[in-house]
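# Observations on the three-dimensional arrangement
Below are the chains, spelled out letter by letter.
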Amino acid sequence: MTHTRFLAEDADRRQVAVGMAIFALLLVAGGLLTSRFLWLFEEPDAIREAVTAFGPFAPLAFVLMQAAQVVVAPIPSHVLSFAAGYLFGPVWGFVYSMTGAIAGTLVALVIARRYGRPVVERFVASEALDRFDAYLGEYGLAGVFVVFLLPGFPDDVVCLVAGCSDLDIRKILAVATLGRIPGYLVLVLSGAGVAEGQLYGSVSLLLAAAAVGGLLFWRRKRLLEWLRRQLADDDDGRHQPGS
């Protein structure tokens, strides 16, 4: 049976490579030509003041915002993760960003599991839903991990569709969390670097992460197959007599 794959394997590889090259060039150009291409680079104190206006509830407000973007995606999670590092520093920025993402993922999974496909179909286009169904049906938890590991995929769609599957919610939450860690860490560190005036270091880190992400995307098929075998071996080991 042939499925329409969520991560297409055919002729779009060249387009992905071209798109990533353009993205990298834009980052380099922005960093080299000016340090004032975003207003947050000009007025870091103004942004901090806007967040600290919540007083002691500023971290909570940010965590709720990060959780909300997972469920309804009003702001890309990567933007908020960058902002977390910029506003709260590398350690607490990472903690707040991951806490919000985990909470939002759990909420989306529970909603999908509790109310089922009819509710999910209100938020996810039928074509995208079919593609995710086929993808998760083929790769299972390995597929969930890779989707969260690679940047650019919509959190809310992944969580809602995964919640409608027969995968264990605790395992989905675990692999989604592990998959997010590398990307969130890079973005938080980059945001913290910008706040400290280390613009070129932050741009370099983003470029290096983009290169690694591009390599992983290019070899995603092998990565998916390897992860699927590892997870299958783990399950077999747990079910062996005496284990």
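Procedures and definitions
Residues numbered from 1 in each chain as written. Predicted model: local features only at pLDDT ≥ 70, side-chain atom pairs only at ≥ 80, totals over all residues. Heavy atoms only, no water. UniProt positions renumbered as here; feature names shortened; annotations may be inferred. Helix = DSSP H or I, 4+ residues; strand = E, 2+ residues; numbered from the N terminus. Salt bridge = Lys/Arg side-chain N within 4 Å of Asp/Glu carboxyl O. Buried < 20%, exposed > 50% of the residue type's maximum accessible area, 1.4 Å probe, protein only. Expected span 1.5 Å × (residues − 1). Axes fitted to C-alpha atoms, helices over the stretch in contact; angles between N-to-C directions. Parallel < 35°, antiparallel > 145°, perpendicular 65-115°, else oblique. Left-handed = near helix turned anticlockwise from the far one by under 90°. Contact = heavy atoms within 4.5 Å. Polar contact = N/O pair within 3.5 Å; in protein donor to acceptor, adjacent residues only side chain to side chain.

Before going further, it helps to examine the UniProt feature "transmembrane region" (unreviewed entry) in the protein. When the UniProt feature table is mapped onto this chain, "transmembrane region" (unreviewed entry) is found at residues 16–39, 51–71, 91–112, 172–193 and 199–218. Segment residues 91–112 splits into 100% helix and 0% strand. End C-alpha atoms: 32 Å apart. Segment residues 172–193 splits into 100% helix and 0% strand. End C-alpha atoms: 32 Å apart.

Relative to the helices and strands, valine 63 resides in helix H4 (residues 58–72). Note: C-alpha distance between valine 63 and alanine 103 (40 residues apart in sequence) is 8.6 Å.

In this section: the pattern of salt bridges. Across all of its chains, the model carries 5 salt bridges by this definition. We note a salt bridge from aspartate 130 to arginine 117, for which the minimum N-O separation is 3.7 Å. Pair noted here: aspartate 130 is in helix H8 (residues 126–149) and arginine 117 is in helix H7 (residues 117–123), with a separation of 13 residues, a long-range link. The exposure class assigned to aspartate 130 is partly exposed, which follows from its relative accessible area of 47%.

This paragraph deals with helix H6 (residues 90–115). Its 26 residues give H6 an end-to-end C-alpha distance of 37 Å, which sits within 8% of 38 Å, the value for a rise of 1.5 Å per residue. What H6 keeps buried is the set Gly93, Tyr96, Ser97, Met98, Gly100, Ala101, Gly104, Thr105, Ala108, Leu109 and Ala112. Within two residues after H6, glycine 116 carries a phi angle of roughly 80 degrees, on the positive side.

Here H6 crosses helix H10 (residues 169–195) at 150 degrees, and the two axes come no closer than 9 Å. Viewed along their axes, H6 and H10 adopt a mutual orientation that is roughly antiparallel. The two elements H6 and H10 meet at a crossing, and its hand is right-handed. Of the residues in H10, those in contact with Pro90, Gly93, Phe94, Ser97, Met98, Ala101, Ile102, Thr105, Leu106, Leu109 and Arg113 of H6 are Ile169, Ile172, Leu173, Ala176, Thr177, Arg180, Ile181, Tyr184, Leu185, Val188, Leu189 and Ala192.

What follows concerns the environment of serine 81. On the secondary structure map, serine 81 appears in helix H5 (residues 77–88). By relative accessible area, serine 81 is classed as buried at 0%. In sequence terms serine 81 and phenylalanine 94 are 13 residues apart; their C-alpha atoms lie 7.5 Å from each other. Those residues in contact with serine 81, other than ones at most four positions away along the chain, are Gln66, Ser97, Tyr184, Leu187 and Val188. Within the local environment of serine 81, its side chain forms a polar contact with the side chain of serine 97, the two groups lying 3.0 Å apart.

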